[in-house]
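Fold and geometry: a report
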Amino acid sequence: MQQIAVIGAGTMGNGIAHVFAQHQYQVNLIDVAAPALEKALTTIRQNLERQLAKGTITEEIKTHTLEHIRTFTSLAEGVKDASLVVEAATENITLKLKIFAELDQYAPADAILATNTSSISITRIAAATKRPEKVIGMHFMNPVPVMKLVEIINGYATAKEVTSAIVTLSEKLEKVPCVVNDYPGFIANRILMPMINEAICSLYEGVAGVNEIDTVMKLGMAHPMGPLQLADFIGLDVCLSILQVLHDGFGNPKYAPCPLLVNMVTAGYLGVKSGEGFYKYTKGSKELVVSERFK
């Protein structure tokens, strides 16, 4: 499995391309927007420079990593020789179904089609193809070059040999694969998102402030980041979307998104990406400043 195609040049896509290329795989990075591809290459170059400065890679590895990445704006061209396609487009079911229907048409018949979705049903995505046995979830964690976990999700029809191949490949990337089955939220987000939602509800109900909630979880539960800061990092819109998938999928009110989260997303306060969520973010500063709205 040497030729890898990655669809989507955003945060996850460029991280996935980076990791594959660093491990000697030829990567075709695909995005409909040429500026997004240029930005992705800049990000990968900067991340490689950080690794070089820390001494975790050599100048030779940096050079060959960049040499192993090619960019395409045409999906058909980018996937035509791929043995594995990893889709890392926006977390939108309509878009993903469209992409997978096209992949089924343009990717080689024996290619494995993987999705980096964090919550959308693998079985539903696979149903957009004529090869559901070759469709699997390959959920990397952000930031991809740093985080070790790959949550591998079997769709209802995923073949055992496909799962085995993706487990082996993940290990070759020096990742730790964990195989789970296709139910709403899988494991990572089925457990994480209700915790984040409960933290937001605790703030909403006035039980404690932003700092207090995050400090309790960091110092009391040994979490490296508090749940509200983590929600900001993930993106409050993404958190809301995943909670809605859980709520719709299980029909259980315990997954209902907190009204405060709904209001914040509606108002455009999405966390790091918008500059403000539970905390306020200033470019160039790492200091955590609680949003004035919660003081």
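Refer to the structure printed above.
Worth saying up front: this structure is predicted, and the values here are computed from it rather than measured.

Along the backbone of the protein chain there are 12 helices and 10 strands. Relative to the 2.2 N^0.38 estimate, which gives 19 Å for 295 residues, the radius of gyration of the protein chain is 20 Å and therefore close to what a compact globule would have. Considering only C-alpha atoms, the protein chain reaches an extent of 55 × 45 × 35 Å along its principal axes. Residues classed as buried in the protein chain amount to 48% of the 295 residues present. Of the roughly 14300 Å² of accessible surface on the protein chain, a fraction of 55% belongs to carbon and sulfur atoms.

Right, let's talk about the environment of P132 for a bit. Relative to the elements of secondary structure, P132 occurs in the loop between α6 (122-126) and β6 (135-140). Sequence separation between P132 and N181 is 49 residues; the distance between their C-alpha atoms is 15 Å. Setting aside residues up to four positions removed in sequence, P132 forms contacts with A126, A157 and T158.

Looking at the element boundaries, P145 is found in the loop between β6 and β7 (149-154). The spacing of P145 and M12 is 133 residues in sequence and 9.8 Å in space, taken between C-alpha atoms. Those residues in contact with P145 that sit more than four places away from it in its chain are G15, H18, V19 and K175.

Right, let's talk about the packing of helix α8 (residues 188-204) against helix α11 (residues 236-250) for a bit. Between α8 and α11, the shortest axis-to-axis distance is 10 Å and the interhelical angle comes to 115°. In terms of their interaxial angle, α8 and α11 are classed as roughly perpendicular. Between α8 and α11 lies a crossing whose hand is left-handed. Residues N189, R190, M193, P194, I196 and N197 of α8 form the contact with α11, whose own contacting residues are C239, I242, L243, L246 and F250. Across the contact of α8 with α11, the residue classes break down as eight nonpolar, two polar and one charged.

Quick look at the pattern of salt bridges now. All chains considered together, the criterion is met by 11 salt bridges. A salt bridge links E77 to K80; the shortest N-O distance between them is 3.3 Å. Across the pair D237 and K273 runs a salt bridge whose closest N-O atoms are separated by 3.0 Å. Within this pair, whereas D237 is found in helix α11, its partner K273 is found in the loop between α12 (259-267) and β9 (279-280), the two being separated by 36 residues in sequence.

The residue after N142, namely P143, is reached through a cis peptide bond having omega 0°. Residue position: P143 is located in the loop between β6 and β7. Its identity is not glycine, yet F186 carries a phi of approximately 55°, on the positive side. Summarising the element assignment, F186 is placed in the loop between β8 (176-181) and α8.

Before going further, it helps to spend a moment on the layout of surface pockets. The gaps of empty space that remain are located by a probe, the size of a water molecule, rolled over the atoms. The calculated volume of the second largest pocket comes to roughly 270 Å³. Lining the second largest pocket are 13 residues, with S119, I120, S121, R124 and V245 sitting closest to its centre. The greatest single-element share of the lining of the second largest pocket, amounting to five residues, is contributed by α11. Here the lining of the second largest pocket is composed, by residue class, of four nonpolar, six polar and three charged.

Within the largest apolar cluster, 35 residues are counted, with the highest numbers of intra-cluster contacts made by F20, L84, M138 and F140. No other element matches the six residues that helix α1 (residues 11-22) contributes to this core. Not counting chain neighbours up to four residues away, the residues in contact with F20 comprise I4, Y25, V27, L84, V86, M138, F140, L169 and L173. Core analysis: the next-biggest nonpolar cluster, separate from the first, contains 26 residues, A199, C239, I242 and L270 among them.

Cut-offs used in this document
Residues numbered from 1 in each chain as written. Predicted model: local features only at pLDDT ≥ 70, side-chain atom pairs only at ≥ 80, totals over all residues. Heavy atoms only, no water. Helix = DSSP H or I, 4+ residues; strand = E, 2+ residues; numbered from the N terminus. Rg over C-alpha atoms; globule rule 2.2 N^0.38 Å. Buried < 20%, exposed > 50% of the residue type's maximum accessible area, 1.4 Å probe, protein only. Areas by Shrake-Rupley, 256 points an atom, 1.4 Å probe, with all protein chains shown as cover. Contact = heavy atoms within 4.5 Å. Axes fitted to C-alpha atoms, helices over the stretch in contact; angles between N-to-C directions. Parallel < 35°, antiparallel > 145°, perpendicular 65-115°, else oblique. Left-handed = near helix turned anticlockwise from the far one by under 90°. Nonpolar A, V, L, I, M, F, W, Y, C, P; charged D, E, K, R; others polar. Salt bridge = Lys/Arg side-chain N within 4 Å of Asp/Glu carboxyl O. 1 Å grid on protein atoms, 1.4 Å probe; cavity = no way out; pocket = protein on both sides within 12 Å on 5 of 7 lines; lining within 4 Å. Points joined across faces, edges and corners; volume = space filled by probe spheres on them. Core = buried A, V, L, I, M, F, W, Y, C linked by side-chain atoms within 4.5 Å.

By themselves these figures say nothing about function.
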